[in-house]
Amino acid sequence: MLSVVPTPITVRVPAKVNLHLSVGDSRQDGYHELVTVFQALSLTDEVTVRSSDEPGIEVRGEGSDDVPLDSDNLAWRAVTELARASGRDPDDTGVRVSINKGIPVAGGMAGGSADAAATLFALNALWKLELGRDELADIAGRLGSDVPFALQGGTALGTGRGERLVPVLARHTYHWVIALHGEGLGTPEVYGELDRLRRNSDNRVGEVEPVLEALASGDPRELALLLGNDLQAAAVSLRPVLRRTLRAGVDAGALAGIVSGSGPTCAFLCTDGEDAVRIAAELSGAGVCRTVRVAQGPVAGARLVEEHSDR
Ligand code: C5P
């Protein structure tokens, strides 16, 4: 009998920056209660899933040497979770996942979460499961705090661990310069450092409402005044060079700079696209980061790449 091998499916998925990240106290389960505003940026990974006699994960692109290829990879956990949820044997999925990295690894931009979201989205199509966004988001939330947002994209208010989302109106395209550092920071270590710092001084970011109002107005200058991240002090404490990076971006003309999530990536909000290119050039010569990118946001969440290119 002729067996039909399904066509590989490729999904593009965005990085995120937190425009506002308010970290509450540590919960019983070790997580921290968050109030955050995510924005999806035009730095993307591409994830291809295919049926294969050689199941597993392969990773290409920048920083790929630091990405685990076993069950520690969140994308592989996405395969086994979705297999379980759809009545398949999680130890015999017959799936190969190929990841092409454009999002910095361990950079605070949710690259691993993005790959997990893309894998869920792609497998839903490969296995013809026809799960809706809400069902995928439930599974995504079990995989990690940032996975549901990578599915959804745009700009969103996140609560709980960050996994409960409400879309936010953002009228404007914002232009960003992203400064990448060589060595990543571990998210649990950064949360741990924040808990430690808070024993001595407890500065917290303000309320989220003004951030939402600035997004509705669409003026990047207004938004720049309100960017805030409770994890920033902890990331700077663990990686003091970030203080210089943040200052250099503002000296180069950015409206404001912020550590992205748990860092060490820094994101600089710029007036417009031309300014972003100019600031990126200046920052790349300042010796305060490994490399720079320009990006725009918001962009869409995980989506199919129509023409499949076999990479
Ligand atoms: O959910 P995720 O696997 O991305 O979280 C990674 C780690 O970051 C957690 O194990 C926890 O240490 C920390 N974290 C936290 N509070 C959150 C999200 C993450 O403490 N809301």
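Residues numbered from 1 in each chain as written. Predicted model: local features only at pLDDT ≥ 70, side-chain atom pairs only at ≥ 80, totals over all residues.

A closer look at the UniProt feature "domain: GHMP kinase C-terminal" (unreviewed entry) in the protein
When the UniProt feature table is mapped to this numbering, "domain: GHMP kinase C-terminal" (unreviewed entry) covers residues 212-286. Segment residues 212-286 splits into 55% helix and 15% strand. End C-alpha atoms: 33 Å apart. (UniProt positions renumbered as here; feature names shortened; annotations may be inferred. Helix = DSSP H or I, 4+ residues; strand = E, 2+ residues; numbered from the N terminus.)

Considering the pairing of strand E2 (residues 32-51)
Burial within E2 is extensive, with 15 of its 20 residues counted as buried. Note: strand E1 (residues 9-26) against E2, 15 bridges, orientation antiparallel. Of the residues in E2, the one forming a bridge with Val 23 is Leu 34. Where E1 hands over to E2, the hairpin turn is made up of 5 residues, of which Gly 30 adopts a positive phi near 90 degrees. Here E2 runs beside strand E5 (residues 155-160); their pairing, made up of 6 bridges, is antiparallel. Bridged to Val 37 within E5 is Leu 157. Here 6 bridges tie E2 to strand E4 (residues 95-101), and the two strands are oriented antiparallel to one another. Bridge pairing in E4 links Val 47 to Ile 99. (Buried ≥ 20, exposed ≤ 12 C-beta atoms within 10 Å, placed from the backbone. Pairing = 2+ DSSP bridges.)

Looking at unusual backbone geometry
Peptide bonds are trans in most cases, and residues, glycine excluded, mostly fall at negative phi. A cis amide bond links Gly 263 with the next residue in sequence, Pro 264, at an omega value of 5 degrees. The residue Pro 264 is located in the loop between strand E9 (256-259) and strand E10 (266-270) in this model. In this chain, Gly 297 is followed by Pro 298 through a cis amide linkage whose omega measures 0 degrees. Looking at the element boundaries, Pro 298 is found in the loop between strand E11 (291-297) and strand E12 (303-304). Phi is positive for Ala 106, close to 50 degrees, though the residue is something other than glycine. Among the structural elements, Ala 106 can be located in the loop between E4 and helix H2 (111-126). By the C-beta count within 10 Å, which is 20 here, Ala 106 ends up buried. For Glu 130, which is not glycine, the phi torsion reads 55 degrees and is therefore positive. On the basis of neighbour count, Glu 130 is assigned to the exposed category, with 8 C-beta atoms found within 10 Å.

Concerning the domain arrangement of the protein
In terms of domain boundaries, the protein breaks down into domain 1 (9-168) and domain 2 (174-297). Relative placement of domain 1 and domain 2: their C-alpha centres are 23 Å apart. Facing 27 residues of domain 1, the contacting portion of domain 2 comprises 32 residues. At the level of elements, E1, E2 and E5 are the ones that each hand at least two residues to the side of domain 1 that touches domain 2. In terms of residue class, the side of domain 1 that touches domain 2 is made up of 16 nonpolar, 10 polar and 1 charged. (Domains from an automatic or database assignment. Contact = placed C-beta atoms within 7 Å. Nonpolar A, V, L, I, M, F, W, Y, C, P; charged D, E, K, R; others polar.)

Here we look at the site of the ligand
Gly 30, Tyr 31, His 32, Leu 34, Gly 144, Ser 145, Asp 146, Arg 161, Gly 162, Thr 187, Pro 188 and Tyr 191 make up every residue found near the ligand. Put simply, the parts of the chain that give the shell around the ligand at least two residues each are E2 and helix H5 (187-198). The dominant element in the shell around the ligand, judged by the number of residues it contributes, is H5, at 3 residues. Of the residues assigned to the shell around the ligand, the class counts are 4 nonpolar, 6 polar and 2 charged. Both domains that meet at the shell around the ligand, namely domain 1 (9-168) and domain 2 (174-297), each give it at least three residues. (Near = placed C-beta within 6 Å.)

Observations regarding the sheet that holds E11
Strand pairing in a sheet is mediated by backbone hydrogen bonds. Such pairs are either parallel or antiparallel. Reading across the sheet, the 4 strands line up as E9-E10-E7-E11 and stay open at both edges, with antiparallel pairing between neighbours. Sheet topology places E9 and E11 at the edges, where each strand pairs with a single neighbour. Pairs of neighbouring strands in the sheet enclose a mean axial angle of 25 degrees, with direction left out of account. Two strands pair when backbone bridges link them, and E9 and E10 are joined in this way by 4 bridges, in the antiparallel orientation. Looking at E10, one finds that Val 259 is bridged to Cys 266. Strand contacts of helix H10 (residues 273-284): strand E7 (174-180), E10 and E11, with the helix running at about 15 degrees to E7, the strand carrying the most contacts. (Axes fitted to C-alpha atoms, helices over the stretch in contact; angles between N-to-C directions.)

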